[in-house]
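Secondary and tertiary structure notes
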Amino acid sequence: MTPVTHFADKKVALFGLGGSGLVTAQALVQGGAIVTVWDDQIQARDKASAIGLNVRDLQTEDWTQFSALILAPGVPLTHPTPHWTVAKAKSTAIEIIGDIELFCRERASLAPQAPFIAITGTNGKSTTTALIAHILRSAGHDVQLGGNIGTPILALEPPAPNRFHVIECSSFQIDLTPSLNPTIGIITNLSPDHLDRHGSMEHYAAVKERLLVQSDIALFSLDDAFSRAIGERLQHHQKVRAIAISLHENPQNGFYVEGQTILAHLDGTKTLGHLAGLRTLRGAHNAQNAAFAAGAAHLLHLSQDEIQHGLSSFPGLAHRMEEVGRIGHVLFINDSKATNADAAEKALLSFEDMFWILGGKAKEGGIASLQSLFHKIKKAYLIGDAAQDFAKSLEGHVPYIQCGTLDVALKAAAHDALASKVPEAVVLLSPACASYDQFSNFEVRGNKFREAVTALVAQHKVN
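Note that the structure is predicted; figures quoted are calculated from it, not measured.

1. Notes on unusual backbone geometry
Across the junction of His79 and Pro80, the peptide omega takes the value -5°, indicating a cis bond. Positive phi is not limited to glycine here, since His319 has a value of about 75°. The phi dihedral of Asp353 falls on the positive side, at around 50°, and the residue is not glycine.

2. Re empty space enclosed by the protein
Enumeration over the complete set of coordinates arrives at three cavities of 30 Å³ or more. One number sums up the size of the largest cavity: a volume of about 60 Å³. Secondary-structure elements contributing two or more residues to the lining of the largest cavity are strand E1 (11–15), helix H1 (19–30) and strand E4 (68–71). At three residues, H1 tops the list of elements feeding residues into the lining of the largest cavity. Residue classes in the lining of the largest cavity are distributed as six nonpolar, five polar and one charged.

3. Description of the layout of surface pockets
If you add up the space inside the second largest pocket, you get close to 440 Å³. Around the second largest pocket sit 23 residues that line it, and Asn189, His285, Gln288, Glu345 and Lys346 are the ones nearest its centre. Counting only elements with at least two residues in the lining of the second largest pocket, the list comes to helix H10 (284–299) and helix H12 (341–350). Tallied by class, the residues present in the lining of the second largest pocket amount to four nonpolar, 13 polar and six charged.

4. Let's talk about the nonpolar core
Counting 48 residues, the largest nonpolar core has Phe7 and Leu28 as the members making the most contacts within it. Considering each element in turn, this core owes the most residues, six residues, to helix H8 (residues 201–213). The contacts of Phe7, once residues within four sequence positions are left out, are Val12, Leu28, Gly32, Ala33, Ser67, Ala68, Ile70, Glu95, Ile97, Leu102 and Arg105. Within the second largest apolar cluster, 42 residues are counted, among which are Leu131, Ala264, Ala291 and Ala293.

5. Let's talk about helix H13 (residues 387–394)
Listed in full, the buried residues belonging to H13 are Ala387, Phe390, Ala391 and Leu394. The buried side chains of H13 occupy one side of the element, clustering within an arc of 110° when seen end-on. Turned more than 90 degrees off the buried face of H13, the exposed positions are Gln388, Asp389 and Lys392. Looking one or two residues past H13, Gly396 carries a phi angle of roughly 85°, positive in sign.

6. Digging into the sheet that holds strand E7 (residues 142–147)
The strand order E7-E8-E6-E9-E10-E11-E12-E13-E14 describes an open sheet built from nine strands, whose pairing is mixed. On the outer flanks of this sheet lie E7 and strand E14 (268–274), each paired with one strand and no other. Adjacent strand axes in the sheet meet at a mean angle of 20°, parallel and antiparallel pairs treated alike. When strand E12 (residues 254–258) meets strand E13 (residues 261–266), the two strands line up antiparallel, connected through five bridges. Among the inter-strand pairings, Glu258 is bridged to a residue of E13, identified as Thr261. Strands strand E6 (116–120), E7, strand E8 (163–168) and strand E9 (184–187) of the sheet are contacted by helix H5 (residues 125–138), whose axis makes an angle of about 165° with E8. Seen against the sheet, helix H11 (residues 304–313) touches E13 and E14 and runs at an angle of roughly 30° to E14.

7. Quick look at the packing of H8 against helix H9 (residues 225–234)
To describe two helices that pack against each other, one gives the angle between their axes and the distance between the axes. Running from N to C, H8 and H9 cross one another at 45°; their axes reach a closest spacing of 11 Å. Between H8 and H9, the angle falls in the class oblique. In this structure, H8 meets H9 at a crossing whose hand is right-handed. From H8, Met201, Glu202, Ala205, Glu209, Leu212 and Val213 reach across to H9, where they touch Phe226, Ile230, Arg233 and Leu234. Among the residues forming the contact of H8 with H9, the class breakdown is seven nonpolar, no polar and three charged.

About the thresholds
- Residues numbered from 1 in each chain as written.
- Predicted model: local features only at pLDDT ≥ 70, side-chain atom pairs only at ≥ 80, totals over all residues.
- Heavy atoms only, no water.
- 1 Å grid on protein atoms, 1.4 Å probe; cavity = no way out; pocket = protein on both sides within 12 Å on 5 of 7 lines; lining within 4 Å.
- Points joined across faces, edges and corners; volume = space filled by probe spheres on them.
- Helix = DSSP H or I, 4+ residues; strand = E, 2+ residues; numbered from the N terminus.
- Nonpolar A, V, L, I, M, F, W, Y, C, P; charged D, E, K, R; others polar.
- Core = buried A, V, L, I, M, F, W, Y, C linked by side-chain atoms within 4.5 Å.
- Buried < 20%, exposed > 50% of the residue type's maximum accessible area, 1.4 Å probe, protein only.
- Contact = heavy atoms within 4.5 Å.
- Arc of directions from axis to C-beta.
- Pairing = 2+ DSSP bridges.
- Axes fitted to C-alpha atoms, helices over the stretch in contact; angles between N-to-C directions.
- Parallel < 35°, antiparallel > 145°, perpendicular 65-115°, else oblique.
- Left-handed = near helix turned anticlockwise from the far one by under 90°.

Below, the structure written as structure tokens:
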């Protein structure tokens, strides 16, 4: 854990007692802060009380006593309307920050030059984060991996000169981190997402851009309009070294992919790694993720051999085009992390002859943008709240059935795939939706799919 000493002997309010909120409260207490915590859910409050935290209703507290509000990233800061704690904090003119801001302040105090790689983007950020951490770790470095991926940032070991923190940052976390200043900042790509929490695409992109503007080195993509525009602005930023990455062009200063080879075009041209035959990094989207990771590793002075070893040994990311089983000619892919159409598109581009399980709580735009890929779908299996709307998009293009739940969809898709005559049939869970209508998060959804596939594979081995 990283104790937070910045608020030693000061009173702070903390709202939001999920996984990161509980860790943040404990880190503040360890650092000497006087912390009052609250959550709208009684189960969360009970859990906080059980570990000795000071749980008090912040609606009835005197807010003039607090030096700051520490807000969980899932709590609305601006849109659709600010949470009541935000109004309370603003009424007393105290700062509103999150756990990554607390980490940044501790880094500034303990080891300001400690290597800190921060990654954001609409899609690909989790894979890029995990891949950078894996490359560094496989080269023998002390690596702390967390943030929006898995482990809360303050649950990690404290910053130190030779310790690499590789941190995924959501837009909600960035919004609560005014002093975010990584050694290397990365925006993988930008497309509409979470607009209910940001109001517009322009505001969403502006929040993401904050991750780069105080970075020592900023890596951005040339391959989407919003990221390119951010990069063009950064080129004129005197304090940031802005470096481009592209799958489609050779930047004058940056990294690019040619065929299956990742190249650096900085001082001359240099090969960083090869992707041919790497099943955990298949598809154009993973080529982009790998280019970001290899580029970051190169800038951190890893050798070509170290980078290639990390790429080749990468086990892949759970719930992101994860191979979870095979029965004969049928491959089962868990892509539960595809919570919007843009993310699902990456899987649809990577396979042929798919039996597609999709649906859940729909994001803006639905699946209309995927119509050009419908010819690759043998049949679709619809689940969750979005099923009726998705059926309208599929009508006349893709055979489909309404399945309601994931277990029903898997059985139907597996039956049809096994009966198919294609060389390799792919049963693909790539929902293009959030999970909240039937599951608490995409991990739970993906785990259920994996477990059901494992049982199905075992059943066929017995038979």
